[in-house]
Amino acid sequence: MFSEVEMKHLRRCVELATEALEAGDEPFGSVLVGADGTVLAEDRNRVASGDRTRHPEFELARWAARNMSPGERSAATVFTSGEHCPMCAAAHGWVGLGRIVYVSSSQQLVSWLAELGVPASPVSPLPIRAVVPGLLVEGPVPVLADQVRELHRRFAQSGHPRHSRS
Ligand SMILES: Nc1nc2[nH]cnc2c(=O)[nH]1
């Protein structure tokens, strides 16, 4: 279903999510790829800074707004380890970015975190297309989803706070 190059971008997202986990941040990572296949930007979650909006998908949307024309944005793809949350889906939609490919869905995350006894997020886990109708969205990617699940298990057991409202 996905080409080897696309799988490479998705594996990079999992690598970035692993880096985030190892730095005490939530395990999420994302890559922005231009229409010609060039990797333009990448980031990982940085919420341990105390700013819980520091999701990689939000950072990439703002990078795209600063650095890409509207045409370049709509032809670009964002690969990501976890489906965008509603905040990041809205940012993606507002700046007019194109296709999204995610490894694991928000629904999967909700059920994994429930199994791990993690309190529910303060933000509703709406699917991307409930926020940005008509966007081309693909996922989950089952061959990588178990790795992402394992990162969330490790984060839950690391004792780092998640979903804190403070
Ligand atoms: N996709 C995604 N969902 C999140 N939920 C909490 N943090 C994040 C994040 O950085 N990315």
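Just above, that's the structure.
Residues numbered from 1 in each chain as written. Predicted model: local features only at pLDDT ≥ 70, side-chain atom pairs only at ≥ 80, totals over all residues. Heavy atoms only, no water.

### So, the site of the ligand
Rule in force here: Any residue with a heavy atom positioned within 4 Å of a molecule or strand is treated as near that molecule or strand. N or O atoms within 3.5 Å of each other form a polar contact, as long as, within protein, one can give a hydrogen and the other can take it, and as long as residues adjacent in sequence are counted only when both atoms are side-chain atoms. The accessible surface values rely on the Shrake-Rupley method and a 1.4 Å probe; as for residues, cover is taken only from the protein chains in view. Residue polarity follows a fixed list, in which Ala, Val, Leu, Ile, Met, Phe, Trp, Tyr, Cys and Pro are nonpolar, Asp, Glu, Lys and Arg are charged, and the others, Gly among them, are polar.
In the vicinity of the ligand, the contacting residues are Glu26, Phe28, Asn45, His55, Pro56, Glu57, Gly82, Glu83, His84 and Cys85. The contact in question runs from a nitrogen atom of the ligand to an N or O atom on the side chain of Glu26, over 3.0 Å. Within the backbone of Glu83, one N or O atom sits 2.8 Å away from a nitrogen atom of the ligand. Calculation on the ligand without its partners gives an accessible area of 280 Å², and the protein chains cover 90% of this total. Considering only residue class, the shell around the ligand consists of three nonpolar, four polar and three charged.

### Section: the environment of Arg129
Heads up, the condition is: In DSSP terms, a helix is any run of H or I states spanning at least four residues, a strand is any run of E spanning at least two, and both are numbered starting from the N terminus. Residue contacts follow a heavy-atom distance rule, with two residues in contact if any of their heavy atoms lie within 4.5 Å.
Locating Arg129 in the fold gives a position in helix α6 (residues 128-131). Placed 106 residues apart in sequence, Arg129 and Ala23 show a C-alpha to C-alpha distance of 31 Å. Beyond its immediate chain neighbours, meaning those up to four positions away, Arg129 contacts Gly134, Leu135 and Val137. In terms of polar contacts, Arg129 uses its side chain to reach the backbone carbonyl oxygen of Leu135, at 2.7 Å.

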